[in-house]
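Listed below, chain by chain, are the residues.
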Amino acid sequence: MPAVETEISLYTQLRRSLVQSGEWDQIQSKMRARLNDVGWLDEVKSESKENSRHADFQTVMEEVSSHAQSASLPVAVRKEIQGLIKRYLEKKFE
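Residues numbered from 1 in each chain as written. Predicted model: local features only at pLDDT ≥ 70, side-chain atom pairs only at ≥ 80, totals over all residues. Heavy atoms only, no water.

- Under an unreviewed UniProt entry, the chain has the name Transcription and mRNA export factor SUS1 and belongs to Leucocoprinus leucothites.
- For the record of the chain, the UniProt heading Sequence similarities (unreviewed entry) holds the text "Belongs to the ENY2 family." (UniProt positions renumbered as here; feature names shortened; annotations may be inferred.)

Spelled out as structure tokens, the structure:
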């Protein structure tokens, strides 16, 4: 199995496990709260409004999605969420 397919399969299995255990909702809630705390959500909303003045809906969605999925995510929040996932995996495979 190629590396990309293996990575996708592992991601799918991890996400399924997180959803089934209820951890997915908890992690999403924590991430949403942290992103709100650091002003990231407001930044994305502001960028969306600004872009919507100059482009159609599809273009705005593409630009904002690209920005939101890029390195714009605060490193501290990213590490915190990665830590939650790591602890979940450690607990699951003790």
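The structure having been displayed, the exposition proceeds.
**Considering helix α2 (residues 23–37)**
Turning to step 1, where the next piece is worked out: Between its first and last C-alpha, α2 extends 21 Å over 15 residues, near the 21 Å set by a 1.5 Å rise per residue.
Turning to step 2, where the next piece is worked out: Where α2 is concerned, the buried positions are Glu23, Ile27 and Leu35. The arc that holds every buried residue of α2, seen down its axis, measures 95°, which confines them to one face. Exposed side chains of α2 directed beyond 90 degrees from the buried face belong to Asp25, Gln26 and Asp37.
Turning to step 3, where the next piece is worked out: With its phi angle positive at about 85°, glycine 39 sits one or two positions after the end of α2. (Helix = DSSP H or I, 4+ residues; strand = E, 2+ residues; numbered from the N terminus. Expected span 1.5 Å × (residues − 1). Buried < 20%, exposed > 50% of the residue type's maximum accessible area, 1.4 Å probe, protein only. Arc of directions from axis to C-beta.)

**Some points on the side chain of asparagine 51**
Turning to step 1, where the next piece is worked out: Following the sequence through the fold, asparagine 51 ends up in helix α3 (residues 40–52).
Turning to step 2, where the next piece is worked out: Here glutamate 63 takes part through its side chain, which lies 3.2 Å from a polar atom of the side chain of asparagine 51.
Turning to step 3, where the next piece is worked out: Those residues in contact with asparagine 51 that lie beyond four places of it in its chain are Val60, Glu63 and Val64. (Polar contact = N/O pair within 3.5 Å; in protein donor to acceptor, adjacent residues only side chain to side chain. Contact = heavy atoms within 4.5 Å.)

**Things to note about the packing of α3 against helix α4 (residues 57–69)**
Turning to step 1, where the next piece is worked out: It is the contact of α3 with α4, at a shortest axis distance of 10 Å, that shows an interaxial angle of 155°. When the axes of α3 and α4 are compared, the pair comes out roughly antiparallel. Along this stretch, α3 crosses α4, giving a crossing that reads as right-handed. Within the contact between the two elements, α3 uses Trp40, Glu43, Val44, Glu47, Ser48, Asn51 and Ser52 and α4 uses Val60, Glu63, Val64, His67 and Ala68.
Turning to step 2, where the next piece is worked out: Classifying every residue of the contact of α3 with α4 gives 5 nonpolar, 4 polar and 3 charged. (Axes fitted to C-alpha atoms, helices over the stretch in contact; angles between N-to-C directions. Parallel < 35°, antiparallel > 145°, perpendicular 65-115°, else oblique. Left-handed = near helix turned anticlockwise from the far one by under 90°. Nonpolar A, V, L, I, M, F, W, Y, C, P; charged D, E, K, R; others polar.)

**Comments concerning the pattern of salt bridges**
Opposite charge on two side chains permits pairing when their charged atoms draw close.
Turning to step 1, where the next piece is worked out: Considering all chains together, one arrives at 3 salt bridges under this definition.
Turning to step 2, where the next piece is worked out: Across the salt bridge formed by glutamate 80 and lysine 30, the nearest N and O atoms sit 3.4 Å from each other. Of this pair, glutamate 80 sits in helix α5 (residues 75–92) while lysine 30 sits in helix α2; the two residues are 50 residues apart in sequence, bridging distant segments of the chain.
Turning to step 3, where the next piece is worked out: For lysine 30, a relative accessible area of 37% puts it in the partly exposed group.
Turning to step 4, where the next piece is worked out: The partner of glutamate 80 in a salt bridge is arginine 34, and the shortest N-O contact between them spans 2.7 Å. Of this pair, glutamate 80 sits in helix α5 while arginine 34 sits in helix α2; the two residues are 46 residues apart in sequence, bridging distant segments of the chain.
Turning to step 5, where the next piece is worked out: When salt bridges with common partners are traced through the structure, they connect Lys30, Arg34 and Glu80 into a single cluster. (Salt bridge = Lys/Arg side-chain N within 4 Å of Asp/Glu carboxyl O.)

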